[in-house]
Amino acid sequence: MQVLGPGLVVVSWWNEEVVQLSPSVLWPLARPLAFPAHKLGVIGVLPWVFICQQCVDRVVDLCSSAAQAADQLKASWNSFSTPGKVQVDVKPDSGAAPVTHE
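Our subject in this report is the structure included herewith. Since we're looking at a predicted model, the values are computed, not measured. Sequence order sets the numbering: in each chain, residues are counted from 1 along the sequence as written. It should be noted that, the model being predicted, local features are given only for residues of pLDDT at least 70 and side-chain atom pairs only at 80 or more, the latter also being counted only at that level, while totals for whole chains, interfaces and linings use all residues. Excluded from the side-chain calculation are hydrogens and water; included are all heavy atoms of the structure.

### Remarks on the overall build of the protein
A run of H or I in DSSP becomes a helix once it reaches four residues, and a run of E becomes a strand once it reaches two; helices and strands are each numbered from the N terminus. If you tally the helices and strands in the protein, you get three helices and four strands. Counting only contacts in the protein whose residues sit at least 6 apart along the sequence, the fraction spanning at least 24 positions is 30%. Methods summary: accessible areas were calculated by the Shrake-Rupley approach with a probe of 1.4 Å, and residue burial reflects only the protein chains presented. Surface accessibility of the protein: about 8300 Å² in total, with carbon and sulfur atoms responsible for 65%. We call two residues in contact whenever any of their non-hydrogen atoms come within 4.5 Å of each other.

Quick look at the structure:
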């Protein structure tokens, strides 16, 4: 599906202009982005699909890294908790007795 979907988009929209900008905005990459045969300042479908795929890959990698970091944090947090009774001390001047939770 990673090849078929983008391939169908490229074949279907081969001669279409996806985005048109000022050529100065795209300056060093204006010619490759105009592929296959568009005027300068136009982004063709093939470069557009490539850019979109790269962006999606980066977002997926970031989400995966964030999920792994969250799992590691959760595991390290769980290793600090101890089962059983936890005693909470109260300041001596408050007049209250220490509280024990299970």
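That covers the picture; the talk isn't over yet.
### Comments concerning the side chain of His 38
Examined against the element boundaries, His 38 turns out to sit in the loop between helix 2 (30-33) and strand 2 (42-44). Only protein chains enter the accessibility calculation, which uses a 1.4 Å probe; a residue is then buried when its area is under 20% of its type maximum, exposed when over 50%, and partly exposed in between. Residue His 38 is classed as buried on the basis of its relative accessible area, which comes to 12%. Polar side-chain contacts of His 38 include one of 3.3 Å to the backbone oxygen of Glu 16. Not counting residues up to four positions away in its chain, the partners in contact with His 38 are Trp 14, Asn 15, Glu 16, Glu 17, Arg 31 and Gly 44. Two N or O atoms count as a polar contact when they lie within 3.5 Å, although within protein this holds only if one can serve as hydrogen donor and the other as acceptor, and sequence-adjacent residues are included solely when both atoms are side-chain atoms.

### Observations regarding the environment of Arg 31
With respect to the helices, strands and loops of the structure, Arg 31 is situated in helix 2. On the basis of relative accessible area, Arg 31 is assigned to the exposed category, the value being 54%. Spatially, the C-alpha atom of Arg 31 lies 8.2 Å from that of Gly 41, the residues being 10 residues apart in sequence.

### Some details on a nonpolar patch on the surface
Without a salt bridge and with relative accessible area above 30%, a residue can belong to a patch; like charges are then joined within 9 Å and nonpolar side chains (Val, Leu, Ile, Met, Phe, Trp, Tyr) within 5 Å. By convention in these notes, a salt bridge is any Lys or Arg side-chain nitrogen within 4 Å of a carboxyl oxygen on Asp or Glu. Taken together, Trp 14, Phe 35 and Leu 46 make up a surface patch of nonpolar side chains, about 260 Å² in accessible area. Locating Phe 35 in the fold gives a position in the loop between helix 2 and strand 2.

### Regarding the state of the cysteines
Counting rule for disulfides: a pair of cysteine sulfur atoms within 2.5 Å. Scanning the model with the defined rule gives zero disulfides in all. For Cys 52, which is in no disulfide, the shortest distance to another cysteine sulfur is to Cys 55 and amounts to 6.5 Å. Relative accessible area serves as the criterion here: at 34%, Cys 52 is assigned to the partly exposed category.

Distances and angles like these do not, on their own, reveal function.
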